[in-house]
Amino acid sequence: MSGEPNRPITDLLPDQRERAVPVILDSFVGIYRWHAKRTLRMATEVRAIEHDGRVVAVSMLELLVPEAGYVYYLAVARDQRREGLGSALLDDALHRFRSAGAEVVYAAAEEDNVASIGLFRSRGFRLVERKEVGFREGGLGAWGLRSRMRIVHGEVLLGLRLAPHRGPRQSSL
Ligand SMILES: CC(C)(COP(=O)(O)OP(=O)(O)OC[C@H]1O[C@@H](n2cnc3c(N)ncnc32)[C@H](O)[C@@H]1OP(=O)(O)O)[C@@H](O)C(=O)NCCC(=O)NCCS
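These numbers were taken from a predicted model, which means no experiment stands behind them.

Here is what the cut-offs are and how they apply
- Residues numbered from 1 in each chain as written.
- Predicted model: local features only at pLDDT ≥ 70, side-chain atom pairs only at ≥ 80, totals over all residues.
- Buried ≥ 20, exposed ≤ 12 C-beta atoms within 10 Å, placed from the backbone.
- Helix = DSSP H or I, 4+ residues; strand = E, 2+ residues; numbered from the N terminus.
- Pairing = 2+ DSSP bridges.
- Right-handed = clockwise from strand over helix to strand, strands pointing away.
- Core = buried A, V, L, I, M, F, W, Y, C linked by C-beta atoms within 7 Å.
- Contact = placed C-beta atoms within 7 Å.

A. Fine view of the pairing of strand β5 (residues 104-110). Burial analysis of β5 places six of its seven residues in the buried class, which makes it a mostly covered element. With four bridges joining them, strand β4 (residues 68-76) and β5 adopt parallel strand pairing. Paired with Y70 across the two strands is Y106, which belongs to β5. A crossover links β4 with its parallel partner β5, the connecting element being helix α3 (residues 85-99), and its sense is right-handed. Taken together, the seven bridges between β5 and strand β7 (residues 155-161) define a ladder with antiparallel strand orientation. Bridging across to β7, E110 finds its partner in E155.

B. Quick peek at the nonpolar core. Judged by nonpolar contacts, the single largest core of 48 residues is most densely connected at A20, V23, A57, V58 and Y106. For this core, the element with the highest residue contribution is β4, accounting for eight residues. Residues within four places of V23 in sequence aside, it is in contact with V55, V56, A57, V58, A75 and A77.

Here you go:
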C-alpha cells in the first residue's frame, strides 16, 4: 500500500455533508446510491478525508446499541483508491467505537465486493453466520440488530470483536 500517511480525518457536521455527495456518486449505483445519500444526512457521525479542498473519502458511523458499532458506508473517490484512505477511515472508526465502549463492530458488504471485504478482513473482520451465537454470548451473531443494519439480499455481514462482553450494566438505583 502506498500513498501519503496521516491525512487528517475530520467530522462532517450536518450542514457540511453535501460535500461528500460526489464521493458517493463515484462509489455506488442504484439503491445503494440512494441509501448512502440518505444515510449521509442521517448518520450520527460522518468522517471525511479531504484533498485539494474536496472530500475524497467518507465514512458513516452509528452505534446501534452501546455495545455494537456499525460502519454504514465507507467510500473513497475512484482516483484516490489503493492509497490507504479506506484503511485510515476504518482504523479511525474502530478507534472511535472502542473509545465509546463498543464491544463489537459490524459492516455489511455485497458478497462479490472484493475491495470492501478485503479491506474489512485486513482489519480482522470475519463473516458472521446467520445462526451464530450472539455478540452478548461471546459470538458475533447480530441478533436483534440486523433490521437496523438494512442488510439486503446479496450482502454479507462482517464483524469484529473489540472487547469481551462486560455483562449487563448495573443499575445505580
Ligand atoms: C472499499 C474501498 C472503500 C477501499 O478503499 P481504499 O482506500 O481503496 O482501500 P485501501 O487502499 O485502504 O486498501 C486497504 C486494503 O483493502 C483491500 N483492498 C482494497 N481495494 C481492493 C481491491 N480493489 N481488490 C482487492 N483488495 C482490495 C486490500 O487488502 C488493501 O490492502 P493493500 O492495498 O495493502 O493490498 C473503495 O474501494 C471504495 O470506495 N469502493 C466503493 C464503495 C464501496 O464498495 N464501499 C464499501 C461498502 S460500504
